[in-house]
Amino acid sequence: MNNKQLLKIAEDARQYSYSPYSNFKVGAALLTKDGKVYTGCNVECASLGGTNCAERTAIFKAISEGDNQIDAIAIASDNSEKNEPTYPCGICRQVILEFGINIRIITGYSEGDIYECEIKDLIPHYFTGNDFREIK
Ligand code: THU
């Protein structure tokens, strides 16, 4: 599975977005280290704080099915076809980081420019469980 293929799956996952409030459709495709793919979309709620982003939907699907070895997460939104990347929000960055500082973030457009970075590079001076478990 290459980055272009994973991004295309994220683009296709946008069709299931439930986003009547923002009208901003987001799709995600999570690739496990053994090659399995979980998709996600954003799911909004009239009480807006109950909204779940596409990235977290994909992560929660994978984790809840016993898959916590994550290689990469691709993200697509309504901006993709304008050839503009969409990066994860702050909450999603922290949740992604929880499962590995080297998880690859793939964004852009499958028919255009494709970008890759590691989640640790999206959270400078990141905080993880190791930072407080060491304090006894
Ligand atoms: N959203 C995502 O699903 N992922 C992102 O990376 C950015 C934001 C969703 C949340 C909300 O449903 C809509 O996009 C507008 O913020």
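Residues numbered from 1 in each chain as written. Predicted model: local features only at pLDDT ≥ 70, side-chain atom pairs only at ≥ 80, totals over all residues. Heavy atoms only, no water.

A. Quick peek at the site of the ligand. Neighbouring the ligand are the residues Ser22, Phe24, Val26, Asn42, Glu44, Thr51, Cys53, Ala54, Glu55, Tyr87, Pro88 and Cys89. Protein chains bury 79% of the 370 Å² of accessible surface belonging to the ligand in isolation. Looking at the shell around the ligand residue by residue, the classes come out as seven nonpolar, three polar and two charged. (Near = heavy atom within 4 Å. Areas by Shrake-Rupley, 256 points an atom, 1.4 Å probe, with all protein chains shown as cover. Nonpolar A, V, L, I, M, F, W, Y, C, P; charged D, E, K, R; others polar.)

B. Focus on the sheet that holds strand β1 (residues 26–32). What the five strands build is an open sheet, ordered β2-β1-β3-β4-β5; its pairing is mixed. Where the open sheet ends on each side, the last strands, each with one partner, are β2 (37–41) and β5 (114–118). The sheet shows a mean angle of 20 degrees between the axes of neighbouring strands, taken without regard to direction. Relative to strand β3 (residues 70–77), β1 runs antiparallel, the two being bridged by seven bridges. In the sheet register, Ala29 faces β3, and the bridge partner there is Ala74. Of the strands in this sheet, β1, β2 and β3 are in contact with helix α2 (residues 54–64), which crosses β2 at around 140 degrees. (Pairing = 2+ DSSP bridges. Helix = DSSP H or I, 4+ residues; strand = E, 2+ residues; numbered from the N terminus. Axes fitted to C-alpha atoms, helices over the stretch in contact; angles between N-to-C directions. Contact = heavy atoms within 4.5 Å.)

C. Broad picture of the nonpolar core. Residues Leu30, Ile59, Ile73, Ile96, Ile103, Ile105 and Ile119 are the most contacted members of the largest nonpolar core, which totals 20 residues. A per-element tally of this core places α2 first, with four residues. With residues up to four places along the chain from it excluded, the contact list for Ile59 reads Leu30, Ile73, Val95, Ile96 and Phe99. The next biggest cluster of nonpolar side chains, apart from the first, holds nine residues, and it includes Leu6, Leu7, Ala72 and Ile106. (Core = buried A, V, L, I, M, F, W, Y, C linked by side-chain atoms within 4.5 Å. Buried < 20%, exposed > 50% of the residue type's maximum accessible area, 1.4 Å probe, protein only.)

D. Broad picture of unusual backbone geometry. Here the phi dihedral of Asn23 falls at roughly 55 degrees; this positive angle occurs in a residue that is not glycine. Considering the arrangement of structural elements, one finds Asn23 in the loop between α1 (3–13) and β1. One non-glycine residue, Asn83, adopts positive backbone phi at about 65 degrees. In this structure, Asn83 sits in the loop between β3 and α3 (90–98). Taking the relative accessible area as the measure of exposure, Asn83 reaches 29% and is therefore partly exposed.

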